Amino acid sequence: MTASSTPAQPPPPDREHTPSEARSEARSEATVTTAVPARLDRLPWSRWHWMIVIGLGTVWILDGLEVTTVGNIASRLSEEGSGLAISSAQVTGTAAALYVAGACAGALFFGRLTDKYGRKRLFMVTLAVYLAATALTALSFDAWWFFIFRFLTGFGIGGEYAAINSAIDELIPSKYRGRVDLIINGSYWLGAIGGSLLSVVMLNTSIFPKDLGWRLTFALGVVLGLVILLVRRHVPESPRWQFIHGRGEEADALVTSVEREIEEEKGERLPRPDREITIHQRKSIGFGLIARTVFRDYPKRAVLGLSLFVGQAFLYNAITFGFGAILTKFFDVPSGSTGYYFAVIAAGNFLGPLFLGKLFDTVGRRVMISSTYILSGVLLFGTAWLFDQGSLSATTLTACWCVVLFFASAGASSAYLTVSEIFPMETRAMAIAFFYAIGTAAGGISGPLIFAKLTETGVVGDTVLAFQIGAGLMCAAGLVAAVFAVNAEQRSLEDVARPLSEA
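The rules behind the values
Residues numbered from 1 in each chain as written. Predicted model: local features only at pLDDT ≥ 70, side-chain atom pairs only at ≥ 80, totals over all residues. Heavy atoms only, no water. Helix = DSSP H or I, 4+ residues; strand = E, 2+ residues; numbered from the N terminus. Buried < 20%, exposed > 50% of the residue type's maximum accessible area, 1.4 Å probe, protein only. Contact = heavy atoms within 4.5 Å. Areas by Shrake-Rupley, 256 points an atom, 1.4 Å probe, with all protein chains shown as cover. Disulfide = S-S within 2.5 Å. Pairing = 2+ DSSP bridges. pLDDT = per-residue confidence, 0-100.

Enquirer: Can you tell me about the overall build of the protein, naming the residues and giving the values?
Expert: The helix and strand inventory of the protein stands at 20 helices and three strands. Residues classed as buried in the protein amount to 60% of the 503 residues present. Residue pairs at least 24 apart in sequence account for 87% of intrachain contacts in the protein once pairs closer than 6 positions are excluded. As displayed, the protein has an accessible area near 17600 Å², and 64% of this comes from carbon and sulfur atoms.

Enquirer: Tell me about the environment of Gly64, and name the residues and values.
Expert: The topology assignment puts Gly64 in helix α3 (residues 47-77). Taking the C-alpha atoms as reference points, Gly64 and Leu190, separated by 126 residues in sequence, lie 7.1 Å from one another. Discounting chain neighbours no more than four positions away, the residues touching Gly64 are Tyr188, Gly191 and Ala192.

Enquirer: Any details on the environment of Trp385? Residues and values, ideally.
Expert: Mapping Trp385 onto the fold places it in helix α16 (residues 365-388). Once the C-alpha coordinates of Trp385 and Gln468 are considered, the two residues, 83 residues apart in sequence, prove to be 9.0 Å apart.

Enquirer: Run through the state of the cysteines, naming residues and quoting values.
Expert: Disulfide: a covalent bond connecting the sulfur atoms of a pair of cysteines. The tally for this structure, following the rule as stated, stands at zero disulfides. Not part of a disulfide, Cys402 finds its nearest cysteine sulfur in Cys400, a span of 10.0 Å.

Enquirer: Help me get a handle on the pairing of strand β3 (residues 277-280), residues and values and all.
Expert: With burial as the criterion, each face of β3 is covered, one bearing Ile277 and Ile279 and the other bearing Thr278 and His280. Where strand β2 (residues 31-34) meets β3, four bridges bridge the pair, whose relative direction is antiparallel. Paired with Val32 across the bridge in β3 is Ile279.

Enquirer: Go over the confidence of the model for the protein, please, and point to the residues and values.
Expert: With 85% of its residues at a pLDDT of at least 70, the protein reaches an overall mean of 82. For the protein, strand β1 (residues 2-3) is the element with the lowest average pLDDT, namely 38, and α16 is the one with the highest, namely 95.

Here it is in structure tokens:
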């Protein structure tokens, strides 16, 4: 890395326009030229990349475990003798909404800190917040205590979304970025499978008393989180963040060590990087500049991000939070058995990103994002119609949901991929946090509250309406993606969105 005054390359043709004012504000005294982005993007897949995937992606398993566990134990918590005076609607409605509200607040709070202080520092802090809040949830003795620590658990998880998605996209080579991002976000559903099956055991009163099993479920989440914390200590800071924030020598040294490790693993020399970038280093960028960049300079991309998050957030947070309640209320499934059904739809959710993820890098973002959103919405409309006709049993409803969510999960995961790659690097974590918070607040806070009331009535038509709203929003988001999605497949992040600090 050397000082340079090399003129900047022209922006790629699909940019909305060059944010010249923002770029001039981003300048500082140090100007450097670096090949770090190109060096990272030309790396072959290696053991080092697997370490990144395991260290960062496993927390999504915890998130899935959290949400699924609460959904499945809702009916048990409301039973006499659970040790907690709370109703099923309060668990799937109020507590679920507070969890999502905490996630939105945590995303915004930690997202700003992630852009300012770095990815690594924050994804350690956010996991610690999650662990402490989950442990205290297990000790709940009254509804208000349960509500407070559900909010704080979400606060930690929300911060994870901003810090980790930023780090994933900045560390994974462009050739694999789409599929890896989708699969990591989709690993949430591995946790959901675990949470579903775990709830079957923990809710079995012949093994654990009513007031103990659900507490041990939360405690197990803490144990798994501690293991992840140990693994995550070895995940490095993002070199892309380092060279922009005045730590260019550290970025260069880190990438050099990774290159050496991969060359030893593969037994061959890596090709020379094919490009460099010249940037003005700076310590931080103000929130006002971030907001102007996202909404004034990239308005179409902002509409795209909001649409994708609102659609998927309402579908998932509004409906899957209450899936166990639907089974017990409409199909008389025992509360201790709902986990089996949820494990099936969770499997469908994970298989979607796993099998479709590669297509987002080959067929392309625009086609795959729009098609997965629209197809899942159409299939959900069909499921709602069958449910309204009384044609479904607990088994066939679960099968329908499994198919719907196979496509919806790939689409939902692509929402995180999209907002993490279509805005300048300096705004990445905050952009993820903002779109996650706004979209999730729209669908994830109002959704559970509305849906809990609709399912609580026991009227089929009310539940059908909730299905139709979720389906309509998914289809609408898919149409927006068909028009506004960015062809970011196999392109460097710096090509998709030119850094504000670039000279």
